[in-house]
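Results of the structural survey
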Amino acid sequence: MEERKPGPKDTKGKAVSDLTFCTFVIKNLPVGVLTVDSQLQITGFNPRATDITGYSEEETLGRFCGDVLNGGMCDLRCPLRTVLGREKPMVAVETTVQSKSGKFLPVRMSTAGLFDDDGNLIGGVEAFQDISYQKELERQRNNFVSMIAHDMKSPVISIHGFAERLLKQVSGATEKQSEYLRVIEKEATRLESLISDFLESSRLQAGELKLNLSATSLDKELHELYELYQPRVAEKGLVLELISEAPLPIIEADSQRLRRVFSNLLDNAIKFSKTKGTITISTSETNGKVVVAIKDEGIGIDPADFPRIFDPFHRAERPGAKEEGFGLGLAGVKSIVEAHGGEVRVESEPGKGSIFSVILPKEVTGSEGHEKRGETQGIQSKA
């Protein structure tokens, strides 16, 4: 029997059926969905998007997406512009949108570009979900944990202080007693550090820790860290390089907290590096941002650990590496960088090393910033 090929009417009927099905699915999804054309003007707005924002579909059609949602990432890091510019096929973020009543709502948003069969850009789609309830639960959890950690800090400091005093003042103690005191002092120090790190991490994640922003030269900060880490790197039999082909602009940042970010990444690079390996700090500028990358030639990270690598208390399994720390370092790195409006990216291959890239928005602070930028010279150093 000869196979019947669909004629023009069949093709048209199938297209209409597909469109009807897609429209049905979009209208009944439990998340807000809007579609835009290539100019970012809204072409569709489903009922759940109306529930979240308070805008009806009629009120939004033809308007620019940013004028309706007034999202927290609309100005500098618009997800739609990212996917429509083909920088990424899809972007998933947590951000905010503003409802018709003026209330800002936290949302989890996924954005993708729409292309026809020939690869031509048609528009984009955003799906977003109100996560106010989850954020409130996180806030309550962080407050509870912070309260417990804060109450623990005072007695731990007391234990630490008394242990130090006993080590200095007690006479006639046996070697075993002195050893016990040293262990108490050492463990109290570690516990005190854990509590401090956890408190700061909780505050950052809850958005309660205020950054002390000022005009900051990343070139200067990195060069100082480069000099500071020389003895430690040399002791480990490693080579440390700092490469900057051109001076970076002055940015608005909390310099002390960024130093903590880079120090933590350098500590990890040293800890997981192989003997005689090289650790490289490199800087660059791209798309209105500055990038600081720290690369090592160490044992790398198992791909299975990538989804949780920035989670508090998560420590990736690394064969041959000594287990140290509490798994708060990278969580703090992520929180501090995101508080600056930036992001952290990681690339790694087991046995070949890792690259952690800190990407920060580039904001030169007026004429003063330009003067400071001119004073900072490009650096290329090697230890």
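Residues numbered from 1 in each chain as written. Predicted model: local features only at pLDDT ≥ 70, side-chain atom pairs only at ≥ 80, totals over all residues. Heavy atoms only, no water.

Quick look at the nonpolar core now. Counting 36 residues, the largest nonpolar core has Leu218, Phe262 and Phe356 as its most contacted members. When residues in this core are grouped by element, the largest group, seven residues, is from helix H10 (residues 255–271). Setting aside its immediate chain neighbours within four residues, leucine 218 contacts Leu248, Ile251, Leu258, Phe262, Val290, Val292 and Leu360. In terms of nonpolar packing, the next biggest core, distinct from the first, is built from 23 residues, Leu34, Ile42, Met73 and Val83 among them. (Core = buried A, V, L, I, M, F, W, Y, C linked by side-chain atoms within 4.5 Å. Buried < 20%, exposed > 50% of the residue type's maximum accessible area, 1.4 Å probe, protein only. Helix = DSSP H or I, 4+ residues; strand = E, 2+ residues; numbered from the N terminus. Contact = heavy atoms within 4.5 Å.)

Turning our attention to the sheet that holds strand E4 (residues 104–115). Overall, antiparallel pairing links the five strands, which are arranged E2-E1-E5-E4-E3 in an open sheet. Strands with a single pairing partner mark the edges of an open sheet, and in this sheet they are strand E2 (42–45) and strand E3 (90–98). For this sheet the average axis-to-axis angle between neighbouring strands, irrespective of direction, equals 25°. Sheet strands in contact with helix H6 (residues 132–169) are E3, E4 and strand E5 (121–130), and its direction is about 130° off that of E4. (Pairing = 2+ DSSP bridges. Axes fitted to C-alpha atoms, helices over the stretch in contact; angles between N-to-C directions.)

At a minimum axis distance of 9 Å, the contact between H10 and helix H11 (residues 329–339) shows a crossing angle of 145°. Along this stretch, H10 crosses H11, giving a crossing that reads as left-handed. Counting all contacts with H10, which are made through Arg257, Arg260, Val261, Asn264, Leu265 and Asn268, the residues of H11 involved are Gly329, Leu330, Val333, Ile336 and Val337. A breakdown of the residues in the contact of H10 with H11 according to their chemical character gives six nonpolar, three polar and two charged. (Left-handed = near helix turned anticlockwise from the far one by under 90°. Nonpolar A, V, L, I, M, F, W, Y, C, P; charged D, E, K, R; others polar.)

Here we come to the pairing of E5. The side chains of a regular strand alternate between both faces of the sheet. Sheet analysis places strand E1 (residues 32–37) next to E5, joined by six bridges and oriented antiparallel. If you follow leucine 34 over to E5, its bridge partner there is glutamate 126. As paired strands, E4 and E5 are joined by nine bridges and run antiparallel to one another. Within the sheet, the bridge partner assigned to methionine 109 lies in E5 and is phenylalanine 128.

What follows deals with the packing of helix H8 (residues 218–228) against H10. Running from N to C, H8 and H10 cross one another at 45°; their axes reach a closest spacing of 11 Å. On the basis of the axis angle, H8 is oblique to H10. Handedness of the H8/H10 crossing: right-handed. Every residue of H10 that contacts H8 at Leu218, Glu221, Leu222, Glu224 and Leu225 is listed here: Ser255, Leu258, Arg259, Phe262, Ser263 and Leu266. Tallied by class, residues from the contact of H8 with H10 come to six nonpolar, two polar and three charged. (Parallel < 35°, antiparallel > 145°, perpendicular 65-115°, else oblique.)

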